[in-house]
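Reading the structure
Chain by chain, the residues run as shown.
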Amino acid sequence: MVAAGVQFGWALQLSLLTPYIQVLPCVRIWSDKCSSKYGRRRPFILAGSLMISVAVTIIGFSTDIGYLLGDADEDHRNFKGT
């Protein structure tokens, strides 16, 4: 039972890591060619931080966003923690 959880954890980690493996080389090339007054890396760090903040906020409100976009009430599962 524990091994199945470890395998799921590794699969999840690899699925989250794949976009970084594909995107980071492109961002590195773009940042090396950047000639901003704020430096080469800072604009990319700022943009990445803002995108991550927006993504985490969207994930946090995903149920509400789904409801606003037309999810039916029977699709909602209300957690009633005790």
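Residues numbered from 1 in each chain as written. Predicted model: local features only at pLDDT ≥ 70, side-chain atom pairs only at ≥ 80, totals over all residues. Heavy atoms only, no water.

Things to note about the confidence of the model for the chain
Residues of the chain with pLDDT of at least 70 account for 63%, and the chain-wide mean is 75. Across the chain, the element-wise mean pLDDT spans from 71 in helix α1 (residues 2-33) up to 86 in helix α2 (residues 42-60). (pLDDT = per-residue confidence, 0-100. Helix = DSSP H or I, 4+ residues; strand = E, 2+ residues; numbered from the N terminus.)

Details of the side chain of Ser31
Along the chain, the position of Ser31 falls in helix α1. Residue classification places Ser31 among the buried residues on the basis of a relative accessible area of 4%. Residues in contact with Ser31, not counting those within four places in the same chain, are Arg40, Arg41 and Phe44. (Buried < 20%, exposed > 50% of the residue type's maximum accessible area, 1.4 Å probe, protein only. Contact = heavy atoms within 4.5 Å.)

Some details on the pattern of salt bridges
For the structure on display, the rule yields one salt bridge. For Arg41, the salt bridge goes to Asp32, with nearest N and O atoms at 3.1 Å. Given the relative accessible area of 40%, Arg41 is considered partly exposed. Given a relative accessible area of 41%, Asp32 falls into the partly exposed group. (Salt bridge = Lys/Arg side-chain N within 4 Å of Asp/Glu carboxyl O.)

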